[in-house]
Amino acid sequence: MKQQSTRRNFLTGAAATAGAFTIVAPQSVRGSQANSKIAVGLVGCGGRGSYDASIAHADPRATVMALCDRFPDQYDKSETTIKSQNTRKYSD
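So, here's what we can say about the structure. No experiment lies behind these values; they were computed from the predicted model shown. (Residues numbered from 1 in each chain as written. Predicted model: local features only at pLDDT ≥ 70, side-chain atom pairs only at ≥ 80, totals over all residues. Heavy atoms only, no water.)

Of all seven residues in strand β2 (residues 62-68), six are buried, a share of seventy percent or more. Both strand β1 (residues 38-43) and β2 contribute to a ladder of six bridges, which runs parallel. Looking across to β2, one finds that Gly-41 is bridged to Ala-66. At this point the chain moves from β1, through helix α3 (residues 47-58), to the parallel β2, and the crossover so formed is right-handed. Note: β2 against strand β3 (residues 88-90), three bridges, orientation parallel. Bridge pairing in β3 places Leu-67 opposite Lys-89. (Buried < 20%, exposed > 50% of the residue type's maximum accessible area, 1.4 Å probe, protein only. Helix = DSSP H or I, 4+ residues; strand = E, 2+ residues; numbered from the N terminus. Pairing = 2+ DSSP bridges. Right-handed = clockwise from strand over helix to strand, strands pointing away.)

Written as structure tokens, this is what we have:
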């Protein structure tokens, strides 16, 4: 007897498939953890951008690598807020 296709059967299968993908360790997918950090660049070093970049920089999987702003005096304020060092700085 053929099983009738229902929404419940579909969702059960989809959940099982999604669960199978979450079990895999990140190292086995990417090869190594050495290159697994995400490089973040901030365009606009004002208060909002610096706050958002500080959240990203606090995550161990990401680091802020570059800052861009039309006003060079914003770089130091932004680096203090983000708590990053040795970032590349761009004005355009």
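The discussion continues.
Before going further, it helps to examine the packing of α3 against helix α4 (residues 74-82). In contact at an axis separation of 8 Å, α3 and α4 are set at 40 degrees when each is read in the N-to-C sense. Judged on the interaxial angle alone, α4 and α3 are oblique. Classified by chirality, the crossing of α4 by α3 is right-handed. Note on element contacts: α4 touches α3 through Ser-78, Thr-81 and Ile-82, opposite Ser-50, Tyr-51, Ala-53, Ser-54 and His-57. Residue composition of the contact of α3 with α4, by class: three nonpolar, five polar and no charged. (Axes fitted to C-alpha atoms, helices over the stretch in contact; angles between N-to-C directions. Parallel < 35°, antiparallel > 145°, perpendicular 65-115°, else oblique. Left-handed = near helix turned anticlockwise from the far one by under 90°. Contact = heavy atoms within 4.5 Å. Nonpolar A, V, L, I, M, F, W, Y, C, P; charged D, E, K, R; others polar.)

A general tendency of soluble globular proteins is for nonpolar side chains to be buried together. Leu-42, Cys-45, Ala-53, Val-64, Leu-67, Tyr-75 and Ile-82 together form the largest nonpolar core, which totals seven residues. Broken down by secondary-structure element, the contributors of at least two residues to this core are β2 and α4. (Core = buried A, V, L, I, M, F, W, Y, C linked by side-chain atoms within 4.5 Å.)

Turning our attention to the sheet that holds β2. If you trace the three strands from one edge of the open sheet to the other, you get β1-β2-β3, paired in parallel fashion. Every other strand in the sheet has two partners, leaving β1 and β3 as the edge strands with one partner each. Between one strand and the next, the sheet's axes are offset by a mean angle of 30 degrees, whatever the strand orientation. Where α3 meets the sheet, it contacts β1 and β2, and its direction lies at approximately 155 degrees from that of β2. Strands β1, β2 and β3 of the sheet are contacted by α4, whose axis makes an angle of about 170 degrees with β2.

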